[in-house]
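# Coordinate inspection notes
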Amino acid sequence: MILARKFYSSKMKGLLVLTALFVAVFGKKTFEGDQVLRITAKNEAQIFLLKELSEQEHLGLDFWREPVHESLPVDVYVPFHSLQAVRVFLRYNQIQYNVMIMDVQDLLDDEEREMVKYRTIPRSTDDFVYTAYHDLNSIYSFMDMLVAENSNLVSKIVIGQSYENRPLNVLKFSTGANRPGIWFDTGIHSREWVTQASGIWFAKKIVTDYGRDPVLTDILNNYDIFLEIVTNPDGFAYTHSRDRMWRKTRKPNSGSSCVGVDPNRNWDAGFGGGGSSSNPCTETYRGPSAHSEPEVKAIVDFVKSHGKLKAFVSIHSYSQMLLYPYGYTSTPAKDKAELHELARKAVSELQSLHNTAYTYGSVITTIYQADGITVDWTYEQGIKYSYTFELRDTGRYGFLLPADQIIPTAEETWLALMAIMEHTKNNPY
Amino acid sequence: MKVFCSLWLLLSLVKLSPAPPASQDPPFACRGAGDPAPPQPETPEDMASSGDLEPTHYPARRAATVALHQLNTRHGSPHRLFALQEVHKASAEDVAAGGRKYSLDFSVTDWASGSAGPALRCSAEVMFPGTERSSPDVQLRCEALQQINSTAQDHAFYQKYIAPESAVSAQHIPDSYGNVSEEMQPFWRLARVAASFIMLRESSENTEFNMAQVASVTQQESSEKQLMLEFVVLLHDLPSQEIVQWKLLASWSPDRGVRVLQTEWQPRCPHDTKPPN
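Conventions we followed
- Residues numbered from 1 in each chain as written.
- Chains lettered and ligands numbered in written order.
- Predicted model: local features only at pLDDT ≥ 70, side-chain atom pairs only at ≥ 80, totals over all residues.
- Heavy atoms only, no water.
- UniProt positions renumbered as here; feature names shortened; annotations may be inferred.
- Helix = DSSP H or I, 4+ residues; strand = E, 2+ residues; numbered from the N terminus.
- Buried < 20%, exposed > 50% of the residue type's maximum accessible area, 1.4 Å probe, protein only.
- Contact = heavy atoms within 4.5 Å.
- Areas by Shrake-Rupley, 256 points an atom, 1.4 Å probe, with all protein chains shown as cover.
- Salt bridge = Lys/Arg side-chain N within 4 Å of Asp/Glu carboxyl O.
- Disulfide = S-S within 2.5 Å.
- Expected span 1.5 Å × (residues − 1).
- Arc of directions from axis to C-beta.
- Polar contact = N/O pair within 3.5 Å; in protein donor to acceptor, adjacent residues only side chain to side chain.
- Pairing = 2+ DSSP bridges.
- Axes fitted to C-alpha atoms, helices over the stretch in contact; angles between N-to-C directions.
- Core = buried A, V, L, I, M, F, W, Y, C linked by side-chain atoms within 4.5 Å.
- Phe/Tyr/Trp six-rings, centres within 6.5 Å; stacked < 30°, edge-to-face > 60°.
- Lys NZ or Arg CZ within 6 Å of the ring centre and 35° of its normal.

Looking up chain B in an unreviewed UniProt entry gives the name Latexin-like, with the organism given as Cyprinus carpio.

Looking at an unreviewed UniProt entry, chain A carries the name Carboxypeptidase A1, with the source organism given as Cyprinus carpio carpio. Its UniProt record gives chain A a comment under Subcellular location (unreviewed entry), which states: "Secreted". The record held by UniProt for chain A lists under Catalytic activity (unreviewed entry) the comment "Release of a C-terminal amino acid, but little or no action with -Asp, -Glu, -Arg, -Lys or -Pro."

Okay, here's the thing in structure tokens:
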């Protein structure tokens with residue numbers, strides 16, 4: 001087989017497939033034992049013999065390269081039932097040959113396997129299918145490919161481990177050292193699949209637009225962007241394997257048979273209040289203590305050690321809303337006027353693309369009271385531009401948003417994110 | 001644990017009693033002993049005062065959602081299903097015995113006619129009684145309902161499935177990836193109409209229900225010329241983020257509309273759930 005590979009070319013591959021098809025038409029179902037021989041004739045007499053051989057129709061030979069001249073190799077497809085006869089003929093006439101393809105069926109099988117592999121594993125982020133939902137392994141592979149393809153711009157940081165020891169991966173987009181940063185996270189609630197899918201699209205968008213889009217280029221020349229696509233990998237794996245509606249982490253709760261903590265009630269801002277639950281069996285269970293979840297603690301540690309994040313956007317679905325702090329108190333945020341106006345602008349940008357209607361306002365007035373949420377904590381850390389998105393839709397499909405809406409959702413959301421980033425850049429603090 | 005849960009589910013299938021505990025806790029077997037019931041979310045500011053409400057905020061939206069459920073129970077069909085488009089104006093006032101009455105002006109669209117459909121203007125009074133276990137009361141008026149004509153499609157659907165040999169059976173609509181086949185669309189809409197009876201009944205100022213998925217639909221033997229469908233639906237409540245499972249038996253015909261004959265809350269053991277398809 002190794003020998004055959006040396007002579008094997010992609011043209012031959014095409015010919016092989018064509019032959020296989022052709023032969024299949026004549027009723028052959030399998031190509032087991034069939035071979036392809038490369039014959040080297042040393043004089044005109046041998047060429048003449050080979051021409052005679054080719055006229056033996058009962059042999060079912062197929063000359064890929066016809067006998068023309070002794071300086072040119074003759075390639076012939078020999079069906080199994082004729083192999084013996086052909087080999088005897090060649091030996092008797094002292095015509096040199098070697099076996100190019102030992103078993104055609106084997107080769108077809110290999111090719112089939114290659115094609116299947118090709119279908120499921122993209123070779124580059126240009127091959128990646130953005131219009132479909134992917135599992136955790138595919139998304140982690142995507143991240144590695146993106147970094148490999150854009151190593152001057154993108155790197156991967158592991159900020160911690162999930163409860164079940166999965167890496168918590170963050171993509172860092174950076175064009176220089178010691179920059180202030182902007183953070184996006186998707187998938188903190190695992191069942192909100194359009195968010196992780198949008199995160200993938202955002203990552204690709206950033207590398208595509210850097211150097212092409214003047215606004216993004218200017219942003220990246222001044223700020224780093226951090227993107228955590230699968231913020232709750234344990235939950236995400238669980239939505240694929242066991243329960244599509246799983247929201248929380250997968251950490252067991254002592255004294256209870258119920259698993260998981262709501263990672264968006266586990267932050268140390270109004271922790272323990274009425275907008276979260278003390279019952280481990282509920283979807284908004286706050287956890288035993290603030291930052292008890294490793295998925296949350298990892299981000300807390302990152303934010304504190306970075307010290308220079310200027311915008312923080314945590315992305316959820318569904319409801320079509322853009323929300324700012326607070327969720328735990330009805331006291332308006334100090335920067336409410338500015339946050340409200342920026343939200344209005346971002347929503348206006350978003351709607352301009354596909355006319356998707358969004359509402360906006362503070363968490364507690366617009367959606368519900370929620371205590372211990374991400375953006376309340378980040379806001380209280382001094383990250384002024386702290387926002388939560390609720391992406392498509394408004395309940396028709398809810399969490400089960402069809403894949404053909406991934407790109408429209410990501411595209412429109414990106415416009416809102418750009419508005420937030422641009423405002424952040426133009427209003428340094 | 002798993003055996004106990006299955007046993008519980010089996011037993012619950014036999015019982016056909018009405019609504020479960022309002023807290024929608026999983027059954028005792030599924031949680032550790034001594035866990036307190038989940039607290040209801042607090043209802044700050046808007047809720048405390050009377051007068052005009054911000055239309056984009058949740059108090060107005062929840063009340064409008066209740067009105068929407070009522071609209072769907074009355075006028076929903078396999079080819080007609082209403083969705084809230086926008087709340088234009090809203091106000092609320094306290095009423096007798098701790099109740100609260102909302103006045104609403106809002107628009108709805110018909111999901112069955114896609115994005116091309118007209119928006120209908122509606123007004124409603126939604127009264128949440130002061131007592132814990134009572135359902136809201138809705139007075140509703142919508143303009144030009146008759147404009148949305150689904151009669152021909154509904155009749156064709158009826159003729160197809162009222163045939164004696166018809167035995168539709170399907171699961172997970174939509175599936176994990178959001179797919180709904182053409183054939184299942186009208187069943188999906190019917191499920192939501194039927195679910196609206198439950199969502200309406202279970203609503204309070206602290207809930208905002210939506211149907212997340214049809215876990216299963218199984219056609220039963222037709223009775224009195226009604227299509228009989230058994231649904232298991234997953235409802236999603238926004239404030240608590242809980243997924244609540246209900247089994248229900250509904251009838252439908254073009255003449256009588258949707259009626260819900262039996263409902264049964266089903267426990268979902270949080271740590272032992274069916275895999276997505």
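Now, onward.
Our focus in this paragraph is the overall build of chain B. Assigned secondary structure in chain B consists of four helices and ten strands. Counting from the amino terminus, helix and strand elements in chain B follow one another as α-β-α-β-β-β-β-α-β-α-β-β-β-β. Residue burial in chain B is summarised as follows: out of 277 residues, 56% are buried. Across chain B, every contact between residues at least 6 apart in sequence was considered, and the portion connecting residues at least 24 apart equals 59%. Carbon together with sulfur atoms contributes 52% to the accessible area of chain B, which is approximately 12,400 Å² in total.

In the structure shown here, the tally under the stated rule is 27 salt bridges over all chains. With a shortest N-O distance of 2.6 Å, E164(A) and R166(A) are connected by a salt bridge. A relative accessible area of 23% means that R166(A) is categorised as partly exposed. Residue R100(B) is joined to E205(B) by a salt bridge in which the shortest nitrogen-to-oxygen separation is 3.5 Å. Here E205(B) lies in the loop between α4 (185-202) and β7 (209-223) and R100(B) lies in strand β3 (residues 99-110), a separation of 105 residues in the sequence.

As a further point, take the state of the cysteines. Residue and element names in this part refer to chain A. Under the defined criterion, the tally for this structure stands at two disulfides over all chains. Between the sulfur atoms of C258 and its disulfide mate C281 the distance is 2.0 Å. Between C258 and C281 the disulfide shows an S-S torsion of about 90°. By sign, it is right-handed. In this pair, C258 sits in the loop between α9 (233-241) and α10 (294-306) while C281 sits in the loop between α9 and α10, placing the two residues 23 residues apart along the sequence. You'll find C258 and C281 in the same group, each marked buried.

Here we take up helix α11 (residues 336-354) of chain A. Given 3.6 residues per helical turn, the α-helix brings residues three or four places apart onto the same face. Residue and element names in this part refer to chain A. Across its 19 residues, α11 extends 28 Å between first and last C-alpha, which sits within 8% of the 27 Å expected from 1.5 Å per residue. By the burial criterion, the buried members of α11 are L339, L342, A343, A346, V347 and L350. Each buried residue of α11 lies within a common arc of 135° when the element is viewed along its axis, so the set occupies one face. Exposed positions of α11 whose direction lies more than 90 degrees from the buried face are A337 and S352. Elements that come into contact with the buried residues of α11 comprise β10 (321-324), β11 (359-362), α13 (374-380), β12 (385-391) and α14 (406-426).

Here the UniProt-annotated "domain: Peptidase M14" (unreviewed entry) positions come out as residues 132-424 of chain A. End-to-end, the C-alpha atoms of residues 132-424 of chain A are 32 Å apart, and along that stretch the chain is 37% helix and 17% strand.

On the secondary structure map, R61(B) appears in helix α2 (residues 58-75). For R61(B), a relative accessible area of 13% puts it in the buried group. Reaching out from R61(B), the side chain makes a polar contact with the side chain of E208(B) at a distance of 2.8 Å. For R61(B), the residues in contact, after removing those within four places along its chain, are M321(A), T366(A), I367(A), T56(B), L84(B), V87(B), E208(B) and L238(B).

All names here are of chain A. Mapped onto this numbering, the UniProt entry annotates "active site" (unreviewed entry) at E390. Along the chain, E390 turns up in strand β12. Here S317 takes part through its backbone nitrogen, which lies 3.5 Å from a polar atom of the side chain of E390.

Residues and elements named next belong to chain A. Strand order in the open sheet formed by eight strands is β5-β6-β8-β7-β9-β12-β10-β11, with mixed pairing between adjacent strands. The two strands at the open ends of the sheet, each matched to only one other strand, are β5 (154-161) and β11. Averaged over all neighbouring strand pairs, the angle between strand axes comes to 20°, with direction disregarded. One ladder, built from three bridges, connects strand β6 (residues 167-173) with strand β8 (residues 224-228); its direction is antiparallel. Opposite F173, over in β8, you have I225 as the bridge partner. In the packing of α11 onto the sheet, the strands contacted are β10, β11 and β12, and the crossing angle to β12 comes to about 40°. Against the sheet, α14 touches β7 (181-186), β8, β9 (309-317) and β12, its axis set at about 170° to β12.

Right, let's get into the nonpolar core. Counting residues in each nonpolar core, the largest one holds 102 residues, and the members touching the most others are F173(A), Y387(A), F389(A), W414(A), F231(B) and L235(B). The next biggest cluster of nonpolar side chains, apart from the first, holds 25 residues, and it includes A67(B), V87(B), L104(B) and L200(B).

The next thing to look at is the pairing of strand β8 (residues 226-237) of chain B. Residue and element names in this part refer to chain B. Counting buried residues in β8 gives eleven out of twelve residues, a clear majority hidden from the surface. Two elements, β7 and β8, share eleven bridges in a ladder whose sense is antiparallel. Note on β8: the bridge partner recorded for T218 is E230. Counting the residues between successive antiparallel strands, the hairpin from β7 to β8 contains two residues, one of them, E224, with a positive phi of roughly 50°. In this antiparallel pair of consecutive strands, β8 and strand β9 (residues 243-253), the connection spans five residues, and Q241 shows a positive phi of 65°.

What follows concerns unusual backbone geometry. In this structure, Y318(A) follows S317(A) across a cis peptide bond, with omega equal to -5°. In this fold, Y318(A) is placed in the loop between β9 and β10. Following I173(B), the chain continues to P174(B) via a peptide bond in cis, the omega torsion being -5°. Relative to the assigned elements, P174(B) resides in the loop between β6 (169-173) and α4. Its identity is not glycine, yet A97(B) carries a phi of approximately 55°, on the positive side.

Given a relative accessible area of 7%, C281(A) falls into the buried group. Taking the C-alpha atoms as reference points, C281(A) and Y238(A), separated by 43 residues in sequence, lie 16 Å from one another.

Now for the packing of aromatic side chains. Under the criterion given, the structure shown has 27 aromatic pairs over all chains. Ring centres 5.4 Å apart and planes at 10° place the aromatic pair W183(A) and F312(A) in the stacked group. Linking W183(A) in strand β7 with F312(A) in strand β9, this pair joins segments that are 129 residues apart in sequence. The exposure class assigned to F312(A) is buried, which follows from its relative accessible area of 0%. With a centroid separation of 6.2 Å and an interplanar angle of 65°, the aromatic rings of W193(A) and F236(A) are classed as edge-to-face. Placement of the pair is W193(A) in helix α7 (residues 193-209) and F236(A) in helix α9, with a sequence separation of 43 residues. A relative accessible area of 2% means that W193(A) is categorised as buried. Through successive ring pairs, a cluster of aromatic residues spans F157(B), Y158(B), Y161(B), F187(B) and W252(B). In this structure, R244(A) is placed above the aromatic ring of W193(A), and the distance from its NZ or CZ to the ring centre is 3.7 Å.

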